[in-house]
Amino acid sequence: MIHDLGIIMLTAGFTSLVCKFLKQPVVLGYIVAGLLVGPYVFGSSWVSDEESVKIWGEIGVIFLLFSLGLEFSYKKLVKMGTTALIGCFTIVVGMMSCGFLLGRAMGWDQMNSLFLGGMLCMSSTTIVFKALDDLGLRQQKFANICFGILVVEDLFAVVLMVLLASLAVNQSFDGSEMAWEVGKLAAYLLFWFAAGLFLIPTLLRVCKQHLNDETLTIVALGLCLGMVLLAEGAGFSSALGAFVMGSILAETVEAEKIEHLLSPIKNMFGAVFFVSVGMMIDPALLLKYWLPISLITLLVICGQVIFASLGVVLSGQPLKTAMQAAFSLTQVGEFAFIIANFGTDKGVTEPFLYPVIVAVSVITTFLTPYTIRLAEPAYERVDKILPRRWKLMLDAYGHSRSTQKEASLTQRYLGKAILPVVIYTIVSVFIATLYFTLLSDRIATFVNDGVATVFSEPHLWIGRLVSLGLLFTVLSPLLYQIVNKDKRNKDAGLLWEKGSMFTRGLLIVFNAFRIVLVLAIITSCIGKIFDATIGIVLAMGIAVFFFITRSSKIQERSHLLEENFLTNLSAREIAMRQGKRAEKKKAQEADDDFEDIHFGEVTIPEGSSALGQSLRDLDLRNKTGVSVIRILRDTGNVNNPKATESFKPGDRVVVNGSVGDIELFKIFVAPAQETV
């Protein structure tokens with residue numbers, strides 16, 4: 001194993017240096033390294049245990065997705081608005097459709113064609129970031145649009161992996177099952193993001209004084225791998241778990257530090273992953289499939305340019321910006337390797353698909369800097385041949401999109417109120433499910449065993465009641481928020497006061513739905529514990545409902561919980577703003593200090609008290625605030641005098657300091673009788 005790792009690292013190090021010298025992405029170097037150490041180029045593999053390399057590669061996928069999650073931000077996604085969403089949607093639909101149709105046209109079966117479409121609809125975040133950075137275009141408007149689309153594509157890629165996993169297992173497409181999988185995934189993401197953001201930043205804040213580089217690295221790795229285990233236990237991929245934990249930690253104050261600390265680990269295992277990708281490439285197979293590789297490469301470049309330009313234009317951006325963004329996205333991303341590897345492992349795709357998509361990725365990655373440079377010339381050509389009527393139409397459309405009126409008061413209120421209700425409901429259901437699965441029976445049994453030591457007759461209902469009480473203690477703040485969130489805010493009051501009968505009816509229906517939803521959760525929990533008639537369970541549920549919604553203590557706990565969540569959500573932004581303000585203040589103070597520095601020339605007179613003493617003994621910096629820069633003498637000037645140097649009568653001393661410091665120095669070196 002050590003032998004194999006040494007071979008991989010040495011080869012990858014050499015090829016990556018060659019790529020850096022040629023100004024190409026190091027990912028290409030890793031793939032070439034895999035090609036060299038693999039079994040196809042030299043007739044036999046340089047590594048003795050390819051299975052271990054594969055396992056290391058899977059670990060690399062985990063750290064790559066974790067790192068990607070650290071760069072992801074749900075808040076940034078919301079702020080990006082419709083441009084990223086519309087752009088990503090257009091690209092995904094267009095590229096998946098074209099990829100699927102191309103696969104079928106080449107005679108591939110449905111599963112191979114579907115996987116091909118999935119692999120072609122996502123560009124490379126790493127390559128785009130690197131290429132734009134090298135070309136000095138990171139601050140351009142189109143670059144921000146690119147990053148927004150890439151963020152949404154990364155999120156979609158996680159969803160796509162879940163859907164393809166379902167298709168791989170069932171070997172068929174079922175619309176209802178797909179909807180169920182998407183809903184389950186959305187609920188999983190919302191629950192862990194909400195729960196993680198409530199717990200993890202609080203944990204890091206409490207333990208802050210103990211979090212040095214070593215402990216923070218271990219804690220972050222533990223959280224990442226812990227979420228991987230939870231994701232696998234829930235039936236999702238390990239990559240999804242790593243991405244989720246990364247996105248949670250991305251909202252914490254420690255995000256940048258964690259990313260910095262784990263960067264070497266990610267780089268190492270990521271390199272092994274890409275080397276393992278290269279090891280699966282058979283050059284003879286690439287020659288055999290040169291036509292599909294050429295066609296897919298052409299589809300990636302042309303398809304991304306067309307669909308990305310269309311999507312960005314539809315979002316209201318100018319044609320030039322849209323084309324600049326589109327020409328930057330013309331490559332196959334790292335997720336394609338993960339999807340291809342998954343299809344090969346599950347045996348649902350043909351072996352040739354993996355090296356084919358890797359070859360396409362290598363070619364498009366190599367061409368990325370050149371396609372980015374082609375954006376402006378291509379726009380100028382299109383602008384010349386585009387009819388004037390079309391230009392006016394595009395300008396009018398973009399203007400109308402940018403000047404659209406804000407949503408109505410009703411839409412704004414419901415938009416703000418529905419999402420918290422959904423989140424609190426999902427979290428409540430998840431907590432209740434986990435509680436009944438893991439803790440409820442154990443707690444009831446423990447309490448009943450304790451009661452049995454006191455009472456001669458068994459009282460099983462006591463344990464159940466205690467178990468139910470503990471559950472509602474945890475759920476009550478969440479259930480209170482479901483019923484009362486934004487119920488009495490300003491928008492709700494205006495809607496009720498100035499709204500139509502329909503609007504008032506909508507408010508009544510929405511609030512009634514919240515009440516019914518909470519009652520359903522409460523009665524379901526009671527029914528899980530007590531085997532009673534529907535009437536008794538409903539009566540108990542109504543009693544618990546009124547207690548939760550009327551209790552001032554529960555109301556206080558609910559508000560504290562929400563405040564803590566919002567504090568954690570905004571902690572990173574607050575810390576960044578404070579850091580920027582501190583840097584600005586420090587820079588301002590430095591500028592002020594610099595502006596107050598002056599240079600002066602003072603002659604040392606006969607009888608000065610400073611004569612005969614070394615500069616070290618005089619300690620002028622502490623006593624007067626000046627620094628001696630130069631001593632001018634008839635016998636020779638002394639620049640930057642040493643601490644052992646001393647003044648002589650008639651010396652002209654050049655000092656720097658504030659005006660007051662220089663005046664104090666004049667008094668300090670004056671003859672003794674003049675200072676009296």
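These figures come from a predicted structure and were not determined experimentally. (Residues numbered from 1 in each chain as written. Predicted model: local features only at pLDDT ≥ 70, side-chain atom pairs only at ≥ 80, totals over all residues. Heavy atoms only, no water.)

**Points about the sheet that holds strand E3 (residues 638–639)**
Okay, so step 1: Sheet architecture is open: 4 strands sit in the order E1-E4-E2-E3, paired in antiparallel fashion. Every interior strand has two partners, whereas the edge strands, strand E1 (598–603) and E3, have only one.
Okay, so step 2: Examined bridge by bridge, strand E2 (residues 627–632) and strand E4 (residues 652–657) share 5 bridges and lie antiparallel to one another. By the bridge assignment for E4, valine 628 is matched with valine 655.
Okay, so step 3: On the sheet, helix H28 (residues 659–669) packs against E1 and E4 and is oriented at approximately 15° with respect to E1. (Pairing = 2+ DSSP bridges. Helix = DSSP H or I, 4+ residues; strand = E, 2+ residues; numbered from the N terminus. Contact = heavy atoms within 4.5 Å. Axes fitted to C-alpha atoms, helices over the stretch in contact; angles between N-to-C directions.)

**Some points on the pattern of salt bridges**
Okay, so step 1: Under the definition given, this model contains 5 salt bridges.
Okay, so step 2: Across the pair glutamate 601 and arginine 652 runs a salt bridge, and its minimum N-O distance is 3.7 Å. With glutamate 601 in strand E1 and arginine 652 in strand E4, this pair connects stretches of sequence that are 51 residues apart.
Okay, so step 3: You can call glutamate 601 partly exposed: its relative accessible area is 46%.
Okay, so step 4: Between lysine 666 and glutamate 663 there is a salt bridge, with the nearest N and O atoms lying 3.5 Å from each other. With a gap of 3 residues between them, lysine 666 and glutamate 663 both fall in helix H28, about one helical turn apart.
Okay, so step 5: With a relative accessible area of 37%, lysine 666 lands in the partly exposed category.
Okay, so step 6: Its relative accessible area of 40% is what places glutamate 663 among the partly exposed residues.
Okay, so step 7: Look at the salt bridges and you will find they share partners, linking Arg633, Glu645 and Asp651 into a network. (Salt bridge = Lys/Arg side-chain N within 4 Å of Asp/Glu carboxyl O. Buried < 20%, exposed > 50% of the residue type's maximum accessible area, 1.4 Å probe, protein only.)

**Focus: the environment of leucine 163**
Okay, so step 1: Relative to the assigned elements, leucine 163 resides in helix H8 (residues 141–170).
Okay, so step 2: According to the relative accessible area criterion, leucine 163 is buried, its value standing at 17%.
Okay, so step 3: Taking the C-alpha atoms as reference points, leucine 163 and leucine 185, separated by 22 residues in sequence, lie 9.8 Å from one another.

**Concerning the side chain of threonine 11**
Okay, so step 1: Along the chain, threonine 11 turns up in helix H1 (residues 2–21).
Okay, so step 2: For threonine 11, a relative accessible area of 11% corresponds to the buried category.
Okay, so step 3: Beyond its immediate chain neighbours, meaning those up to four positions away, threonine 11 contacts Ala33, Leu36, Val37 and Trp46.

**Comments concerning helix H11 (residues 238–249)**
Two residues of an α-helix separated by three or four positions point the same way, owing to the 3.6 residues in each turn.
Okay, so step 1: A rise of 1.5 Å per residue sets the reference length of H11, with its 12 residues, at 16 Å; its end C-alpha atoms lie 17 Å apart and thus fit the reference within 8%.
Okay, so step 2: H11 sits mainly inside the fold: 11 of its 12 residues count as buried.
Okay, so step 3: Those residues of H11 that sit buried are Ala239, Leu240, Gly241, Ala242, Phe243, Val244, Met245, Gly246, Ser247, Ile248 and Leu249. (Expected span 1.5 Å × (residues − 1).)

**Points about unusual backbone geometry**
Okay, so step 1: In the Ramachandran plot, aspartate 619 falls in the positive-phi region, its phi being about 50° despite a non-glycine side chain.
Okay, so step 2: Residue position: aspartate 619 is located in the loop between helix H26 (615–618) and helix H27 (620–623).
Okay, so step 3: You will see that asparagine 640, though not glycine, has its phi angle at about 45°, which is positive.
Okay, so step 4: Here asparagine 640 shows up in the loop between E3 and E4.

**Focus: the environment of leucine 221**
Okay, so step 1: Counting through the fold element by element, leucine 221 comes out in helix H10 (residues 213–233).
Okay, so step 2: Separated by 155 residues in the primary sequence, leucine 221 and phenylalanine 66 place their C-alpha atoms 9.6 Å from one another.
Okay, so step 3: Leucine 221 has contacts with Phe63, Leu262 and Ile265, leaving out every residue within four places of it along the chain.

**Re the pairing of E4**
Okay, so step 1: Burial within E4 is extensive, with 5 of its 6 residues counted as buried.
Okay, so step 2: Where E1 and E4 come together, 6 bridges link them in antiparallel fashion. Looking across to E4, one finds that glutamate 601 is bridged to valine 654.

**Observations regarding the confidence of the model for the protein**
Okay, so step 1: Summing up the model confidence of the protein, the mean pLDDT is 78 and the portion of residues at 70 or higher is 83%.
Okay, so step 2: Helix H14 (residues 290–314) holds the highest mean pLDDT among the elements of the protein, 89, whereas helix H29 (residues 672–675) holds the lowest, 48.
Okay, so step 3: Contacts from residues 403–407, a stretch scored under 50 in pLDDT, to residues over four places away or in other chains number 1 contact. (pLDDT = per-residue confidence, 0-100.)

**Comments concerning the environment of aspartate 449**
Okay, so step 1: With respect to the helices and strands, aspartate 449 occurs in helix H20 (residues 440–452).
Okay, so step 2: A C-alpha to C-alpha distance of 8.7 Å links aspartate 449 and glycine 463, two positions 14 residues apart in sequence.

**Let's talk about the packing of aromatic side chains**
Okay, so step 1: Tallied over the full model, the rule gives 7 aromatic pairs.
Okay, so step 2: Their ring planes at 35° and their centres at 5.7 Å tell us that phenylalanine 63 and phenylalanine 269 sit as a pair that is tilted. One end of the pair, phenylalanine 63, is in helix H3 (residues 50–71); the other, phenylalanine 269, is in helix H12 (residues 255–279), with 206 residues separating them in the sequence. In this pair, the class of phenylalanine 63 matches that of phenylalanine 269, namely buried.
Okay, so step 3: Among the aromatic side chains, those forming a connected cluster through ring pairs are Trp108, Tyr289 and Phe352. (Phe/Tyr/Trp six-rings, centres within 6.5 Å; stacked < 30°, edge-to-face > 60°.)

**What about the packing of H14 against helix H17 (residues 353–385)?**
Okay, so step 1: One way to put it is that H14 packs onto H17 with a least axis distance of 9 Å and a crossing angle of 45°. When the axis of H14 is compared with that of H17, the two are oblique. Considering only the axes of H14 and H17, their crossing is right-handed. Listed contacts from H17 to Ile293, Ile296, Thr297, Val300 and Ile301 of H14 are Val356, Ala359, Val360, Ile363, Thr364 and Leu367.
Okay, so step 2: Among the residues making up the contact of H14 with H17, the classes are represented as 9 nonpolar, 2 polar and no charged. (Parallel < 35°, antiparallel > 145°, perpendicular 65-115°, else oblique. Left-handed = near helix turned anticlockwise from the far one by under 90°. Nonpolar A, V, L, I, M, F, W, Y, C, P; charged D, E, K, R; others polar.)

**Thoughts on a negative patch on the surface**
Okay, so step 1: Taken together, Asp49, Glu50, Glu51 and Glu58 make up a surface patch of like negative charges.
Okay, so step 2: Position of glutamate 51 relative to the elements: it lies in helix H3. (Patch = residues over 30% accessible without salt bridge, like charges linked within 9 Å, V, L, I, M, F, W, Y side chains within 5 Å. Areas by Shrake-Rupley, 256 points an atom, 1.4 Å probe, with all protein chains shown as cover. Lys, Arg positive; Asp, Glu negative; His and termini not counted. Charge placed at Lys NZ, Arg CZ, Asp CG, Glu CD.)

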